[in-house]
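For reference, the chains in residue letters:
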Amino acid sequence: MSELIVSRHTLPEHLLSRIHSDQIMVREDNGTITLTPVHEKPEGICSLLGMLVDSGMSTEAYCRQKQLDKELE
């Protein structure tokens, strides 16, 4: 599988009429090509909210730790 992000201006007009994002992720997996609009995250939104907001831990790290804890039980 390979992925890359391209500008919308590199695509033909008939695709541009269906995609309303400035950037598009192009993913190729076993001969299938998928185009996905890339939407920028609004500024000021945190990955984690609540008691972990200032912990410096990413959402992925938190989920990984929870899975490890669950396996130990």
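Structural data are supplied above this passage.
Notes on the structure in this doc start here. (Residues numbered from 1 in each chain as written. Predicted model: local features only at pLDDT ≥ 70, side-chain atom pairs only at ≥ 80, totals over all residues. Heavy atoms only, no water.)

## Here we look at the sheet that holds strand β3 (residues 32-38)
Taking strand neighbours across the sheet as the criterion, the three strands line up as β1-β2-β3 in an open arrangement whose pairing is antiparallel. Across the chains shown, the open sheet's two edge strands, defined by having one partner strand only, are β1 (2-7) and β3. Strand after strand, the sheet turns through a mean of 25° between neighbouring axes, direction not considered. Looking at chain direction, strand β2 (residues 23-29) and β3 are connected through seven bridges and run antiparallel. Across the sheet, the residue bridging to D29 is T32, located in β3. (Pairing = 2+ DSSP bridges. Helix = DSSP H or I, 4+ residues; strand = E, 2+ residues; numbered from the N terminus. Axes fitted to C-alpha atoms, helices over the stretch in contact; angles between N-to-C directions.)

## Observations concerning the side chain of S21
As for its position among the elements, S21 is in the loop between α1 (13-16) and β2. Here Q23 takes part through its backbone oxygen, which lies 3.0 Å from a polar atom of the side chain of S21. Engagement of the side chain of S21 in a polar contact is seen with the backbone oxygen of V38, the distance being 2.5 Å. With near-sequence residues (within four places) excluded, S21 lies in contact with R8, P37, V38 and H39. (Polar contact = N/O pair within 3.5 Å; in protein donor to acceptor, adjacent residues only side chain to side chain. Contact = heavy atoms within 4.5 Å.)

## Thoughts on the pattern of salt bridges
Two side chains carrying opposite charge are able to pair once their charged atoms lie near each other. In this structure the tally under the stated criterion is one salt bridge. In this structure, the salt-bridge partner of E3 is R27, at a minimum N-O distance of 2.4 Å. Here E3 is found in strand β1, whereas its partner R27 is found in strand β2, with 24 residues between them in sequence. Owing to a relative accessible area of 43%, E3 belongs among the partly exposed residues under this scheme. According to the relative accessible area criterion, R27 is partly exposed, its value standing at 32%. (Salt bridge = Lys/Arg side-chain N within 4 Å of Asp/Glu carboxyl O. Buried < 20%, exposed > 50% of the residue type's maximum accessible area, 1.4 Å probe, protein only.)

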